[in-house]
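Coordinate inspection notes
This is what each chain is made of:
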Amino acid sequence: MQSALFRGVVGTAVLLLTLASLPGVAFADPAAQAFADGEKLLAKADFEGALRAFAQAAKADRSKPEYMQQYALLNRVVGLRKQLATEEDAAQWENIARSLHSFYISRGLYEEALPLDEKIHTKLGSAYSAAMLAETQLVLDREADALKVLSELSDAKQNANTRALKALALTRLGKADEAREVAKAIELPADSGPATIYSVARMQAAVGNTDGAIALLKRCLESVPPSQLENFRKHAKATREFAQISTTAEFSKVLETASKVAESACSGGSNCASCPMRGQCSGGAKQ
């Protein structure tokens, strides 16, 4: 019996060593598995579950700073979500809401962003809040809702961004002639930010002005902080407005455009106000 047991133990050991030596065969890393589970839970908007998974990953492997960073960021987000529900100061509420919006969009959590953006627009009623809400609605293929939001905005509050988004909504609803009329009236200020320039670039592509779209996309990428370039590039490749020109050499070339913007070393971003971690570093504390 002892001999049989010994042979079994030896056989198992040999099998384990053999599997470990085979290419493509590896034992699960508990920390990596926990982190992957956290990413999946976060994608489903299970914030508490994702937080527990990230905490487990950070505790299991302290040699991976990204595990602790992701835990710290999500812990901050969970805290902000709770604070938003009870915050009575209007300015603080807006800061928290904007931070959460930025996080949701960065993670593709548009279903989470939508009700938040609706609340923000109800409170602010500004061009900024209208554009924020309309952008989310367009991503979720709610073009009619986006058009309604943007059409209800008074002329005094309209700007290049809101008009461009309105033209996008009209185009998607099959109202190309109306979209072109809106496009003709748009004047893009010289100091426009990358988000506005990008919206107008998409609009120009939607109404058939390919050269104008390419030129504006180049201008947009030049004005984007380096750390955000890849996000803009990915969006440009995926958005339906650029679908007709996405296979052209001109489009491929313009996506290689380098940023001309310097950014802070703390987070790789030029605006700490939208970072859920602001206040946790010197850059955010100063602002």
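Structure first, text after, so check above.
Please read all numbers here as calculations on a predicted model, not as lab measurements.

Turning to the packing of aromatic side chains, a few remarks are in order. Enumeration according to the criterion identifies seven aromatic pairs in this entry. Taking the centre distance of 5.7 Å and the plane angle of 50 degrees together, the rings of Phe242 and Phe251 count as tilted. Given the relative accessible area of 1%, Phe242 is considered buried. Here Phe251 falls in the buried class, since its relative accessible area comes to 2%. Aromatic rings pair up to connect Tyr198, Phe232, Phe242 and Phe251 into one cluster. Seen from the ring of Trp93, Lys123 lies directly overhead, with NZ or CZ sitting 4.6 Å from the centre.

In contact at an axis separation of 9 Å, helix 5 (residues 90–106) and helix 6 (residues 110–124) are set at 150 degrees when each is read in the N-to-C sense. Taken together, the axes of helix 5 and helix 6 are roughly antiparallel relative to one another. Considering how the two elements wind past one another, helix 5 and helix 6 form a crossing that is left-handed. Within the contact between the two elements, helix 5 uses Trp93, Glu94, Ala97, Arg98, Leu100, His101, Tyr104 and Ile105 and helix 6 uses Tyr110, Glu112, Ala113, Leu116, Asp117, Lys119, Ile120, Lys123 and Leu124. When the residues that make up the contact of helix 5 with helix 6 are grouped by side-chain class, the tally is 10 nonpolar, one polar and six charged.

Here is what the cut-offs are and how they apply
- Residues numbered from 1 in each chain as written.
- Predicted model: local features only at pLDDT ≥ 70, side-chain atom pairs only at ≥ 80, totals over all residues.
- Heavy atoms only, no water.
- Phe/Tyr/Trp six-rings, centres within 6.5 Å; stacked < 30°, edge-to-face > 60°.
- Buried < 20%, exposed > 50% of the residue type's maximum accessible area, 1.4 Å probe, protein only.
- Lys NZ or Arg CZ within 6 Å of the ring centre and 35° of its normal.
- Axes fitted to C-alpha atoms, helices over the stretch in contact; angles between N-to-C directions.
- Helix = DSSP H or I, 4+ residues; strand = E, 2+ residues; numbered from the N terminus.
- Parallel < 35°, antiparallel > 145°, perpendicular 65-115°, else oblique.
- Left-handed = near helix turned anticlockwise from the far one by under 90°.
- Contact = heavy atoms within 4.5 Å.
- Nonpolar A, V, L, I, M, F, W, Y, C, P; charged D, E, K, R; others polar.

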